[in-house]
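Take a look at the letters that make up each chain.
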Amino acid sequence: MFCYFAKQMGSTSKKIKSALISVYYKDNLEKIVQLLNNQGVTIYSTGGTLKFIQDLNIKAIAVESLTGFPEILDGRVKTLHPTVFGGILARRDNLSDLSQLKEHNIPTIDLVIVDLYPFEETLKATSNESEIIEKIDIGGISLIRATAKNYNDTVIVSSRQQYTKLIDLLIAKEGFTDIEDRKLFAAEAFMNSSHYDTAIFNYFNKSENLQVFKQSELNSKILRYGENPHQKGWFYGNLDEVFEILNGKELSYNNLVDVEASLQLIAEFNEPTFALIKHTNACGLASRDNLEEAYLAAFACDTISAFGGVLACNKKVDLATANAMNSLFFEVISAPDYEQDALDVLMQKKNRIILKVKSSFNNKIIFKTLLNGVLAQESDWSSEIEKDFKVVTNIKPSAQEISDLEFAIKAVKHLKSNGITLVKNKQLLGMGCGQTSRVDALEFAIKKAKTFGFELNGAVMASEAFFPFPDCVSIANKAGIKAIAQPGGSIKDQDSIDAANGNNQSMVLTGIRHFKH
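Residues numbered from 1 in each chain as written. Predicted model: local features only at pLDDT ≥ 70, side-chain atom pairs only at ≥ 80, totals over all residues. Heavy atoms only, no water.

### Brief notes about the overall build of the chain
So, point 1. Scanning the chain from terminus to terminus reveals 18 helices and 23 strands.
So, point 2. Relative to its length of 517 residues, the chain is extended, with a C-alpha radius of gyration of 31 Å against a globular reference of 24 Å.
So, point 3. For the chain, the spread of C-alpha atoms along the principal axes amounts to about 95 × 50 × 40 Å.
So, point 4. For the chain, the share of sequence-separated contacts (at least 6 apart) that also reach a separation of at least 24 residues comes to 56%.
So, point 5. With an accessible surface of roughly 26000 Å², the chain has 51% of that area assigned to carbon and sulfur atoms. (Helix = DSSP H or I, 4+ residues; strand = E, 2+ residues; numbered from the N terminus. Rg over C-alpha atoms; globule rule 2.2 N^0.38 Å. Contact = heavy atoms within 4.5 Å. Areas by Shrake-Rupley, 256 points an atom, 1.4 Å probe, with all protein chains shown as cover.)

### Here we look at the side chain of T321
So, point 1. Its place among the elements puts T321 in helix α13 (residues 319–325).
So, point 2. Note on T321: relative accessible area 0%, which makes it buried.
So, point 3. For T321, the contacting residues outside a window of four places in its chain are F274, L291, E292 and Y295. (Buried < 20%, exposed > 50% of the residue type's maximum accessible area, 1.4 Å probe, protein only.)

### Here's the deal with a nonpolar patch on the surface
So, point 1. The grouping of F213, I365, F367 and V374 at the surface amounts to a nonpolar patch, some 350 Å² of accessible area in total.
So, point 2. Along the polypeptide, V374 turns up in strand β17 (residues 373–378).
So, point 3. The class for V374 is partly exposed, based on a relative accessible area of 41%. (Patch = residues over 30% accessible without salt bridge, like charges linked within 9 Å, V, L, I, M, F, W, Y side chains within 5 Å. Salt bridge = Lys/Arg side-chain N within 4 Å of Asp/Glu carboxyl O.)

### Comments concerning the packing of helix α8 (residues 139–149) against helix α10 (residues 179–208)
So, point 1. Running from N to C, α8 and α10 cross one another at 150 degrees; their axes reach a closest spacing of 9 Å. Relative to α10, the element α8 lies roughly antiparallel. Considering only the axes of α8 and α10, their crossing is left-handed. Two secondary-structure elements touch here, α8 through I141, I144, R145, A148 and K149 and α10 through A186, A189, F190, S193, Y196 and D197.
So, point 2. For the contact of α8 with α10, the class distribution of residues is 7 nonpolar, 1 polar and 3 charged. (Axes fitted to C-alpha atoms, helices over the stretch in contact; angles between N-to-C directions. Parallel < 35°, antiparallel > 145°, perpendicular 65-115°, else oblique. Left-handed = near helix turned anticlockwise from the far one by under 90°. Nonpolar A, V, L, I, M, F, W, Y, C, P; charged D, E, K, R; others polar.)

### A short note on the packing of aromatic side chains
So, point 1. Taken as a whole and assessed by the stated rule, the structure comprises 10 aromatic pairs.
So, point 2. Ring centres 5.9 Å apart and planes at 70 degrees place the aromatic pair Y24 and Y117 in the edge-to-face group. In this pair, Y24 is assigned in the loop between β2 (18–22) and α1 (30–38) and Y117 in the loop between β5 (111–114) and α6 (119–125), connecting sequence segments 93 residues apart.
So, point 3. The interplanar angle of 80 degrees and the centroid separation of 5.0 Å between the aromatic rings of F213 and F367 together place this pair among those described as edge-to-face. Here F213, found in the loop between α10 and β8 (220–222), pairs with F367, found in strand β16 (residues 365–370); they are 154 residues apart in sequence, far enough to count as distant. (Phe/Tyr/Trp six-rings, centres within 6.5 Å; stacked < 30°, edge-to-face > 60°.)

### Considering the pattern of salt bridges
A side chain with one charge can pair with a side chain of the opposite charge if their charged atoms come near.
So, point 1. Taken as a whole and assessed by the stated rule, the structure comprises 18 salt bridges.
So, point 2. Through salt bridges that share partners, K173, D178 and D181 make up one connected network.

### Points about the packing of helix α9 (residues 163–172) against α10
So, point 1. Look at α9 against α10: their axes get within 13 Å of each other, and the N-to-C directions meet at 170 degrees. What the angle tells us is that α9 and α10 run roughly antiparallel. Between α9, through K165, L166 and L169, and α10, the contact on the second element is made entirely by D181, L184, F185 and E188.
So, point 2. Its residues assigned to classes, the contact of α9 with α10 shows 4 nonpolar, no polar and 3 charged.

### Side note on the environment of V33
So, point 1. Looking at the secondary structure, you find V33 in helix α1.
So, point 2. Taking the C-alpha atoms as reference points, V33 and I21, separated by 12 residues in sequence, lie 8.9 Å from one another.
So, point 3. Setting aside its immediate chain neighbours within four residues, V33 contacts I21, I43, I53, L56 and I58.

### Observations regarding the state of the cysteines
So, point 1. Per the counting criterion, the structure on display carries 0 disulfides.
So, point 2. Cysteine C313 remains unbridged, with the sulfur of C283 as its closest cysteine sulfur at 15 Å.
So, point 3. On the accessibility criterion, C313 (4% relative accessible area) is buried.
So, point 4. With no disulfide partner, C433 has as its closest neighbouring cysteine sulfur the one in C283, 9.8 Å distant. (Disulfide = S-S within 2.5 Å.)

### A closer look at the pairing of β16
So, point 1. Relative to β17, β16 runs antiparallel, the two sharing 6 bridges. Bridging across to β17, L370 finds its partner in G373.
So, point 2. Counting the residues in the hairpin turn of β16 and β17 gives 2 residues, including L371, whose phi is positive at 50 degrees. (Pairing = 2+ DSSP bridges.)

### Regarding the nonpolar core
So, point 1. The biggest cluster of nonpolar side chains holds 51 residues, and the ones touching the most others in it are I21, L36 and I113.
So, point 2. When residues in this core are grouped by element, the largest group, 7 residues, is from α10.
So, point 3. Leave out the neighbours within four places in its chain, and I21 touches L29, V33, L36, I43, Y44, S45, T46, T49, I53 and I113. (Core = buried A, V, L, I, M, F, W, Y, C linked by side-chain atoms within 4.5 Å.)

### Some thoughts on helix α18 (residues 493–502)
So, point 1. Residues of α18 that are buried include every one of D493, S496, I497, A499 and A500, and no others. One face of α18 carries all of its buried residues, which in axial projection span an arc of 160 degrees.
So, point 2. Turning to α18, the residues buried within the fold contact α17 (471–479), β22 (483–486) and β23 (506–509). (Arc of directions from axis to C-beta.)

### A word on unusual backbone geometry
So, point 1. The amide bond that connects S417 to the next residue, N418, takes the cis arrangement and shows omega of -10 degrees.
So, point 2. Turning to its location among the elements, N418 is positioned in the loop between α15 (399–412) and β19 (420–424).
So, point 3. Within the chain, T280 stands out as a residue other than glycine whose phi angle is a positive 75 degrees.
So, point 4. For T280, the position within the fold is in the loop between β11 (273–278) and β12 (281–287).
So, point 5. For L371, which is not glycine, the phi dihedral falls at a positive 50 degrees.
So, point 6. Locating L371 in the fold gives a position in the loop between β16 and β17.
So, point 7. In this structure L371 comes out as exposed when scored by relative accessible area, which is 87%.

### Details of the sheet that holds strand β4 (residues 61–62)
So, point 1. Read across the sheet, 5 strands follow the order β4-β3-β2-β5-β6 without closing on themselves; strand pairing throughout is parallel. Of all the strands in the sheet, the pair left with one neighbour each is β4 and β6 (155–157).
So, point 2. For β2 and strand β3 (residues 42–45), the ladder comprises 4 bridges, and the chain directions are parallel. Counterpart to A19 in the pairing with β3 is I43.

Structure below.
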């Protein structure tokens, strides 16, 4: 009947005769309580849950009357008692365990329904440490672990997300459970408890900075496939927090990778800006006074690579912009909002994925699996502007060149190394990326610019890492480029500076490298 139920009840089938219910959230609990009562289950409960059950005119026994010990410390201690844990942990096929239960007048408990204090929700709502600490659950987590450990005999329901599953089980099997049912609930219980403990640890580790890797994500999505059709793919996280999908097919693995790259890039800009992304690299990028002009300028950068790409902008999409881009085949468009008539135009293509970005995201730490472990590093959110520039040549860049150098640095830091960007009037004219030689990257960028008819006289160049030799400076000069930005740091920096001076070029050092692999 249900994939998580055993098809037939065999020797492992056990009748639920008693249940302990102690939950923070009471939503949708009523039907479970009524089912248990109708099936003759003895119910034990605590505090607010006990009152909730009794208000339904259903009999429930207070845990205090079972243990002979009241709740203490403002509810910090409720169920932490041998009578409770003995009834849960006793092995039903172990004569010694059963003898001890009889000796101490301890009833068995077959089902435990418990959830945990909302620690993560409290973290989001307040920075008050005492409030946060009070939401670290002790009794609940202990009940979950104990019941899950004894899954041979007991059922643990550790989250309100499992209520529907439990209701279906109680109805389908009339109050019986099989080992397969109990083991699945146990696995989900340890999933929930480990996630909870990870959140608590990461809260404490913000100040202690213990060098361990602990991450947990309960939300998951099976993708159509991974990077290629023969690879399986998954996404772990809550995409609903980042954007709303307004139209189109399901996002693929590659879509998500490119969307992330496009959002990272577009977050660098405040004025109306459009980015066109292909395989995580920008093939088009421009800032203008309005979004339509920004799109047209970005598209002009590389009208071939734009086909099948991922688009992103930082302003509300109007009708003029939608009409301008509608003839292009692209996979995804991300924007903070859309005018309705613009949305009507873009939705004419049913498979076109339209994303409304809800908020910017800032992953402070990024991870990459590597060899038999995980690499972690801080995100690169540094973008150097005029105040960070150190002019090292006889000629200083003009105001226009400084503006374009700032733009070029933002663009190049998001390209795969080795990366070069050529920019004029806040428009990407050419880029070279992922090359094993910086010279190759520059020559590719120049070729790109010339292919699409751009004049490089007056353009600027940015490199994400230093020039080990002056060759790039000379090549740029021959192409008409007269202003250069690079981080510096080579033992041969002076060679590049001397070459720039000899060519009457300006050069600024930023002091910040932006390798990207």
